[in-house]
Amino acid sequence: MIKRLLTAVLVVAGLLASDALAGNAVTSITMQSVPNVRSIAVSASLGGDDDTSAVCKIFYGRDTTACDTGMTMYRRVGTKKYEGRMLWLNPNTDYWCKVVVRDGASTFKTPFTSMRTLDKSYFYANVAGAVSYYVDGTNGNDSYDGLCQDRKSGTCATGSGPKKTIQAAVNALTASGNPGNVYVLSGHYHENVVLNGSGTQYRGLIGVVDANNAKPIICGAYESWESAPVSFNLYSLSPYNGNGGIWYTTAATMSDSISLVVLAQDANGFPNPTYAVRRTSKKALLADSCYVASVGATPATPAREGWYVNGDTLFVRTFSQNGPTGDNPASPELPIYLGYRSDLVKVTASKWTIYGFKFQYAGGPLTTVSNYDPNPSKHGHCIEIGAFATPVSATRIVSNNFYGMSDAAIYAPLWAGNGRADSVYVESNSINGIGIGKLYYSETKGRMEEGINGILLSVSRPIIWNNSITQVCNGIQTGSGSSSESDTLTGCWGEIDFNNISYINDDAIELDLSHSINSLVIRNRINNTGHVISVAPTETGPTFIIGNLGWGFDGGIKHGYLSPKADGIVVAMHNTLVGQREPTTSGGHAYPFDNAASDSVTRNFKSYNNIYAGYTYAVNGANERDTTSNYFDYDALGGTTTTIFKWNNRIYSKALLSGNIGWENNGRIITGINAFADTVTSKAFDLNLNAENGPIDGGKIIKGVNTTYSGAKYMGTAPDMGYLESEGAPPPPTTSPKRNSWLIKILRAIL
């Protein structure tokens, strides 16, 4: 089944005749490649002898004369199948690659094959035969043809001009059968948009910024409320301890799951049957779909208002000087915007790009014209891809802002409603969940807030690059979330690269419950989160976790599971994980490697050149009895003086760890989390290496990881441990330069 699915998805580069020696040897290699932006996933299926003793490597470069060994291709579950990565590549560039297998006394190799990385971002205005349609929510009309942008200038022919709604322009483009773009002028668009179409044409939904650099907004708030806010009557609100802008009331009947109902008034002050409800948990900020407007605030005031509950007290935050009563204390009116629309944009056709929009207030659907669902269904995605009967591929979501949704901002399932999505590319977006990320874990788990996530792509080849994500429950998720997941395509051949993720309630990056074949998590910066990266479990692998920075967390790399077992291969290299959300002088578990659950088992975890710095244990693998499939070496470990490592409920010093298990023979000891503390302010981490830290020149040389075809990617005699070379990235020399001494640096500065 796995081989059939792989063959259907990947490009087969060649099935080659054998030049190997006779006897027990490899007789053929079927090489397959999946290009990403800065790496290429390579798969090699071996024919002939069983491959348990084979060594399989990638050689690659810009041409066939300047190649070096790439990453060793780690064998995954199943015989005769190897998966690996070509790293440190440039976007939109041609490379040459060959696979070499040594099996006993024989060697088998493929000829060089050319392959190309993906373009980092692109649009479709210049595609041959492309057409352009325009949308102007203020001056447009859906009866116009949409082919002329500015009807006010008098240059548009009769019947020509911009459409008023996005959907009308999209329908016109797809009906034309041509590739092209829909350009949307700035303004608020209160509609649910379906990006439809047929065929293989490239199409783009492109936002046009105005003179103030404002993007067009696709908004789920009730349109008439946004233009003329309805006044809601909130009784018994009082100023909170003189804290300006915060008002409160108490209700003894508030329970852990709260349904807050706000009744409107008509013009005569009588209750109106229209009501708005949000069901939530204690302390949850209700701005996921409810927005309390700034009463009397200046335009420069940031929109940080909202409702939240602490214990039995309802708090209302607003920047109004007079509080939620507005300018007239006798009239306790509170304007709000309430998101009521379901998924704002649904992508039902392949090859759409969405660029340059702001999405806000996706919430529960409206059930009638004037009646809001008391318990709205959880469909608050801003963009949903492929969750329909038609398969969707090659969707690009670039340079958008997402704000105040009640589900994942960007959502694509592998299978849903007999449809599927694959090859979803998400780049340079900004996602803000408005406060959810600062809730306690117990206040979101099992509740609606748990679904308020950033990017959830349970697809094959997800590419998630250079996004900023904050204040959500989970940051990036590529796993299915189902313990019964059987589809081997889930989370495979993906690249999660260069993302900045902060203030996350649960996991910043979650690959749980997926096969995650040849997936790469590389160079992400993560702070103030539950777990930094969760692979609990990876069912197949290999999953590569390389060069990530995580600090201020409750747990670093989370690994292990009981059913299904975490048998997939996970390789972690050159990561820096510094625990505890705030650097203090004592306490806190915050294990950089964390498998503390009583029912959790860790297998096939390989760790090299990482920095694990915690207050107690650097590594906490409480229940694993297997010391053969897991391996740790060349890591810098920081805990207490003598207890740095816990495995199978036994506590080890480095000497005992090396002597009893054979791990960290080349590891280094650092002074725990305090090695990275800012001793001046004690409020921030200094994550740069210095001479006292120990990891400098302490790493293992791993070809393809800290070297490339153009030379070493480190300074000195060996790579530094962790994500950062102490003197930054070197130029691409053919040999590794020696690090200059401090005396030479001073003399050069003087001379």
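For every chain, the first residue of the written sequence is number 1, and numbering continues from 1 along that sequence. Where totals are concerned, whole chains, interfaces and linings use all residues; where local detail is concerned, this predicted model gives features only for residues with pLDDT of at least 70, and gives and counts side-chain atom pairs only at 80 or more. Only hydrogens and water are set aside; all other atoms, that is, all heavy atoms of the structure, feed into the side-chain values.

**A closer look at the overall build of the chain**
Right, so step 1: Counting from the N terminus, the helices are DSSP H or I runs at least four residues long and the strands are E runs at least two residues long. Within the chain, the secondary structure is distributed over five helices and 58 strands.
Right, so step 2: Using a 1.4 Å probe on the protein chains alone, a residue whose accessible area is under 20% of its type maximum counts as buried, one over 50% counts as exposed, and one in between counts as partly exposed. Across the 751 residues of the chain, 56% fall into the buried class.
Right, so step 3: We call two residues in contact whenever any of their non-hydrogen atoms come within 4.5 Å of each other. In the chain, once contacts between residues fewer than 6 apart in sequence are set aside, the share between residues at least 24 apart is 71%.

**So, unusual backbone geometry**
Right, so step 1: For the peptide bond that leads from Ala536 to Pro537, omega is 0°, which places it in the cis range.
Right, so step 2: In this model, Gly541 is joined to Pro542 through a cis peptide bond whose omega is 0°.
Right, so step 3: Mapped onto the fold, Pro542 is located in the loop between β43 (525-535) and β44 (543-546).
Right, so step 4: Unlike most non-glycine residues, Ser423 shows phi in positive territory, near 55°.
Right, so step 5: Assignment of secondary structure puts Ser423 in strand β33 (residues 421-427).
Right, so step 6: Although it is not a glycine, Phe498 adopts a positive phi angle of roughly 65°.
Right, so step 7: As for its position among the elements, Phe498 is in the loop between β39 (495-497) and β40 (500-504).
Right, so step 8: Relative accessible area serves as the criterion here: at 30%, Phe498 is assigned to the partly exposed category.

**Section: the packing of aromatic side chains**
Right, so step 1: Centres within 6.5 Å are what make two rings of Phe, Tyr or Trp a pair, Trp counting through its six-membered ring; a difference in plane orientation under 30 degrees is then read as stacked, over 60 as edge-to-face, and the rest as tilted. Here the structure, examined in full by the defined rule, presents 20 aromatic pairs.
Right, so step 2: On the basis of an interplanar angle of 90° and a centroid distance of 5.7 Å, the ring pair of Phe593 and Phe632 is categorised as edge-to-face. Here the residue Phe593 occupies a position in strand β48 (residues 593-595), and Phe632 occupies one in strand β52 (residues 631-633), the gap between them amounting to 39 residues. One exposure class covers both Phe593 and Phe632, and it is buried.
Right, so step 3: What links up through ring pairs into an aromatic cluster is the set Phe593, Phe605, Phe632, Phe645, Trp647 and Trp663.
Right, so step 4: Each ring is checked for a lysine NZ or an arginine CZ that lies within 6 Å of its centre and within 35 degrees of its normal; such an atom marks a charge sitting over the ring. The ring of Tyr95 has Arg62 lying over it, and the distance from NZ or CZ to the ring centre is 5.7 Å.
Right, so step 5: Positioned above the aromatic ring of Tyr425 is the side chain of Arg396, whose terminal nitrogen or guanidinium carbon lies 4.1 Å from the ring centre.

**Digging into the confidence of the model for the chain**
Right, so step 1: For the chain, mean pLDDT is 76; residues scoring 70 or higher make up 68% of the total.
Right, so step 2: Counting interchain partners and residues more than four positions distant, the pLDDT-below-50 stretch residues 331-336 has 32 contacts. The predictor attaches a confidence to each residue, and that confidence, scored 0 to 100, is pLDDT.

**Focus: the environment of Val426**
Right, so step 1: Checked against the element boundaries, Val426 lands in strand β33.
Right, so step 2: Note on Val426: relative accessible area 0%, which makes it buried.
Right, so step 3: Residues Val426 and Ile397 lie 29 residues apart in sequence; the distance between their C-alpha atoms is 4.8 Å.
Right, so step 4: Among all residues touching Val426, those that are not within four sequence positions of it are Ile397, Ile410, Ile455, Leu457, Ile463, Ile464, Trp465 and Asn467.

**Notes on the nonpolar core**
Right, so step 1: Counting residues in hydrophobic clusters, the biggest one holds 75 residues, and the most contacted among them are Phe359, Ile385 and Phe645.
Right, so step 2: Counting residues per element, this core draws most heavily on helix α2 (residues 166-176), which supplies five residues.
Right, so step 3: Ignoring any residue separated from it by four or fewer positions in sequence, one finds Ile385 in contact with Val347, Val392, Thr395, Ile397, Ile410, Tyr411, Ala412, Pro413, Ala421 and Val424. For this analysis, a nonpolar core means a set of buried residues of the types Ala, Val, Leu, Ile, Met, Phe, Trp, Tyr and Cys, connected via side-chain atoms within 4.5 Å.

**Structural notes on the state of the cysteines**
Covalent bonding between the sulfur atoms of two cysteines is what defines a disulfide.
Right, so step 1: Put simply, a disulfide is two cysteine sulfurs that come within 2.5 Å. Tallied over the full model, the rule gives one disulfide.
Right, so step 2: Between the sulfur atoms of Cys148 and its disulfide mate Cys156 the distance is 1.9 Å. Handedness of the Cys148-Cys156 disulfide follows from its S-S torsion of about -80°: it is left-handed. With respect to class, Cys148 is no different from Cys156; both count as buried.

**Here we look at the pairing of strand β41 (residues 507-510)**
Right, so step 1: Two strands are said to pair when DSSP picks up at least two bridges between them. Summarising the sheet, strand β38 (residues 476-477) and β41 pair through two bridges and their orientation is parallel. Looking across to β41, one finds that Ile476 is bridged to Ile509.
Right, so step 2: As judged from the three bridges shared by β41 and β43, these two strands associate in the parallel manner. Along β43, the bridge assignment pairs Glu510 with Ser534.

**Topic: the side chain of Asp407**
Right, so step 1: Relative to the assigned elements, Asp407 resides in the loop between β31 (401-405) and β32 (410-413).
Right, so step 2: N or O atoms within 3.5 Å of each other form a polar contact, as long as, within protein, one can give a hydrogen and the other can take it, and as long as residues adjacent in sequence are counted only when both atoms are side-chain atoms. At a separation of 3.3 Å, a polar atom in the side chain of Asp407 contacts the side chain of His381.

**Some remarks on α2**
An α-helix turns once per 3.6 residues; consequently, residues spaced three or four apart project the same way.
Right, so step 1: Buried residues dominate α2, accounting for eight of its 11 residues.
Right, so step 2: Turning to α2, its buried residues are Ile166, Gln167, Ala168, Ala169, Val170, Ala172, Leu173 and Thr174.

**Quick look at the side chain of Asn429**
Right, so step 1: Its location among the elements puts Asn429 in the loop between β33 and β34 (430-432).
Right, so step 2: Within the structure, Asn429 has its side chain in polar contact with the backbone nitrogen of Ser399 (distance 3.4 Å).
Right, so step 3: At a separation of 3.0 Å, a polar atom in the side chain of Asn429 contacts the main-chain carbonyl oxygen of Glu427.

**Brief notes about the environment of Tyr441**
Right, so step 1: Along the polypeptide, Tyr441 turns up in the loop between β34 and β35 (455-458).
Right, so step 2: A relative accessible area of 41% means that Tyr441 is categorised as partly exposed.
Right, so step 3: Excluding its chain neighbours within four sequence positions, the residues that come into contact with Tyr441 are Asn505 and Asp506.

**Things to note about the pairing of strand β3 (residues 40-48)**
Right, so step 1: β3 sits mainly inside the fold: eight of its nine residues count as buried.
Right, so step 2: By the bridge criterion, nine bridges tie strand β2 (residues 26-35) to β3 in an arrangement that is antiparallel. Bridge pairing in β3 places Ser28 opposite Gly47.
Right, so step 3: Here β3 pairs with strand β7 (residues 81-86) via six bridges, running antiparallel. Paired with Ala44 across the bridge in β7 is Tyr82.

**Some thoughts on the environment of Ile29**
Right, so step 1: When you line up the elements, Ile29 lands in strand β2.
Right, so step 2: Ile29 gets classed as buried once you look at its relative accessible area, which sits at 0%.
Right, so step 3: In sequence terms Ile29 and Lys109 are 80 residues apart; their C-alpha atoms lie 7.8 Å from each other.

**Structural notes on the pattern of salt bridges**
Right, so step 1: We count a salt bridge whenever a side-chain nitrogen from Lys or Arg sits within 4 Å of a carboxyl oxygen from Asp or Glu. This model, assessed by the stated rule, comprises six salt bridges.
Right, so step 2: Note that Asp94 is salt-bridged to Arg116, the shortest N-O span being 2.8 Å. Placement of Asp94 in strand β8 (residues 94-103) and of Arg116 in strand β10 (residues 113-116) is noted, with a sequence separation of 22 residues between them.
Right, so step 3: For Asp94, a relative accessible area of 36% puts it in the partly exposed group.
Right, so step 4: With its nearest N and O atoms 3.5 Å apart, the salt bridge here joins Arg603 to Asp567. Within this pair, whereas Arg603 is found in the loop between β48 and β49 (605-608), its partner Asp567 is found in the loop between β45 (549-559) and β46 (570-573), the two being separated by 36 residues in sequence.
Right, so step 5: Among the residues examined, Asp567 registers a relative accessible area of 29% and is labelled partly exposed.

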